[in-house]
There are 2 protein chains.
Amino acid sequence: MNKKEQIFKAALSLFSENGFHGTPTSKIAKLAGVANGTLFHHFTSKEQLINDLYLELKKELVEVSFLDLNDKNNLEVNLKQIWLSNINWALENKAKVIFLQQFLNSPYLTEDTKKEVDTLAMTYYQMMERALKENKIKKIPFDLIYVQATQQMYGVINFLLEMEDFNNKNEIIDHAFDMFWNGIKT
Amino acid sequence: MNKKEQIFKAALSLFSENGFHGTPTSKIAKLAGVANGTLFHHFTSKEQLINDLYLELKKELVEVSFLDLNDKNNLEVNLKQIWLSNINWALENKAKVIFLQQFLNSPYLTEDTKKEVDTLAMTYYQMMERALKENKIKKIPFDLIYVQATQQMYGVINFLLEMEDFNNKNEIIDHAFDMFWNGIKT
DNA sequence: ACATTTACCGACTGATTAGTCAATCTATGA
DNA sequence: TCATAGATTGACTAATCAGTCGGTAAATGT
């Protein structure tokens, strides 16, 4: 693991726990095991670090989504597959989800970062567009469906993260998916 | 307007625009037109201010929800009424929504605040509990429905706030509500 | 009228922190 | 072997900021 990755890892851990204001760059450097100056060699500012890290995690999430996807399956099966991949990733990467949620609505993300994130979402759009043409889902603007899908995903994830016993974990995930799917299917 | 309210107002405006780290208490005091020390007379710390403001806004939101509600109407009508009240409040109080979203997942909210917020949600729970008994909605844990309702509400609001033309505003709101309702109805 | 509490002021400080910089080290390639 | 570029270091600083404090003014109660 190179120094830049070490910094990413340390930053993720500290930011997700203490927030932007609560984590000085000096602590990030220390935890990463590098000198203070090294951090600013790789990132021009603290905000830059946040933005880079945010994009990195978003990319990882999109990648996870499409890993086990099969074009031949129908939309519902594919959507559920994405649903499951995302949620499992989230449960296994608590700090990453907390970070993403914490900075999603923060003023630290630049417009550039937001635009890049939108580009990443394109992949999902294409899938939905096809389904809409094939009359499988209601005539609702994609954007709206996408926003709601994301929101509901975060909803289940938060719900699961706060649950103490995990016995009916799968039941919850299924319920939540049904709620979503029944909302959009024709 | 007393000084405490002036501070709330100034804090809301600055925090929603620049975040916690981006707004020094000195600027809040200046914008509020009070002395630096006055702020710390009313709030023991900057974090306390955030927490108080957050609770205040949540209370306002719950109040708005139940303003025009009629017990005699059926669940769907009542839910839609809440839906509309919330969204309209949000569109008319942009800064407040931005603040609420920004701090919802921040590390600045104390456990106490979170608990108090949960108490506020009780009112919604009771309504849903009745509906579940009367078999009007699917057998899904309330908590999950509540989380998803909230998430979807934020979803539409964000969507609308980023829309440039407001021509089909009502259409979007209706679509979004249908998505939600179809997700939970029996 | 007096006493006591509460609101308010604003200059001040101790501590913190983002970012700099000059120097050293490492890697690559010709 | 030497030169050049990039990586790394850590001591340093200029600026900022949360919260304090001693004192005044206003409100409240008796």
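Caption draft 1: Structural context of the environment of Asn74 of chain A. All names here are of chain A. Its location among the elements puts Asn74 in the loop between α4 (46-66) and α5 (75-92). For Asn74, a relative accessible area of 40% corresponds to the partly exposed category. C-alpha of Asn74 to C-alpha of Thr38: the two residues are 36 residues apart in sequence and 49 Å apart in space.

Caption draft 2: Focus on the protein's contact with DNA strand C. Taken together, 13 residues lie near DNA strand C, and Thr25 of chain A together with Lys3, Thr38, His41 and His42 of chain B sit nearest. Of all DNA strand C atoms lying within 4 Å of any protein atom, the proportion belonging to sugar or phosphate reaches 76%. Lys3 of chain B has a polar side-chain atom sitting 3.1 Å from a phosphate oxygen of DNA strand C. Here a phosphate oxygen of DNA strand C and a side-chain polar atom of His41 of chain B are 2.9 Å apart. Looking at which element gives the most residues to the surface near DNA strand C, the answer is helix α3 (residues 36-42) of chain B, with five residues. Grouping the constituent residues of the surface near DNA strand C by class yields four nonpolar, seven polar and two charged.

Caption draft 3: Representation of the protein's contact with DNA strand D within the structure. Taken together, 13 residues sit near DNA strand D, with Thr38, His41 and His42 of chain A together with Thr25 and Lys46 of chain B positioned nearest. When atoms of DNA strand D within 4 Å of the protein are sorted by moiety, sugar and phosphate together comprise 75%. The contact in question runs from a phosphate oxygen of DNA strand D to an N or O atom on the side chain of Lys3 of chain A, over 3.2 Å. Contact distances for DNA strand D include 2.8 Å between a phosphate oxygen and a side-chain N or O atom of His41 of chain A. Examining the composition of the surface near DNA strand D, we find that five residues originate from one element, helix α3 (residues 36-42) of chain A, more than from any other. Looking at the surface near DNA strand D residue by residue, the class counts come to four nonpolar, seven polar and two charged.

Caption draft 4: Quick peek at the pattern of salt bridges. All names here are of chain A. Under the defined criterion, the tally for this structure stands at ten salt bridges over all chains. For the salt bridge of Asp174 with Lys80, the shortest nitrogen-to-oxygen distance reads 3.0 Å. One end of the pair, Asp174, is in helix α9 (residues 169-184); the other, Lys80, is in helix α5, and 94 residues separate them in sequence. If you follow the salt bridges from partner to partner, you end up with Arg130, Glu134 and Lys136 in one network.

Caption draft 5: Seen up close, the confidence of the model for chain A. On average, residues of chain A score 92 in pLDDT, and 100% of them are at 70 or above. Within chain A, no element has a lower average pLDDT than helix α7 (residues 111-133) of chain A, which sits at 88, and none a higher one than helix α2 (residues 25-32) of chain A, at 97.

Caption draft 6: A look at helix α2 (residues 25-32) of chain B. Residue and element names in this part refer to chain B. All of the buried residues along α2 are Thr25, Ile28, Ala29 and Ala32. Each buried residue of α2 sits inside an arc of 95 degrees when the element is viewed along its axis, so together they form one side. Every exposed residue of α2 that faces more than 90 degrees away from the buried side is listed here: Lys30 and Leu31. Where α2 is buried, its residues meet α1 (3-18), α3 and α4 (46-66). Where α2 ends, the next residue or the one after it, Gly33, has phi of about 75 degrees, a positive value.

Parameters at a glance
- Residues numbered from 1 in each chain as written.
- Chains lettered and ligands numbered in written order.
- Predicted model: local features only at pLDDT ≥ 70, side-chain atom pairs only at ≥ 80, totals over all residues.
- Heavy atoms only, no water.
- Helix = DSSP H or I, 4+ residues; strand = E, 2+ residues; numbered from the N terminus.
- Buried < 20%, exposed > 50% of the residue type's maximum accessible area, 1.4 Å probe, protein only.
- Near = heavy atom within 4 Å.
- Polar contact = N/O pair within 3.5 Å; in protein donor to acceptor, adjacent residues only side chain to side chain.
- Nonpolar A, V, L, I, M, F, W, Y, C, P; charged D, E, K, R; others polar.
- Salt bridge = Lys/Arg side-chain N within 4 Å of Asp/Glu carboxyl O.
- pLDDT = per-residue confidence, 0-100.
- Arc of directions from axis to C-beta.
- Contact = heavy atoms within 4.5 Å.

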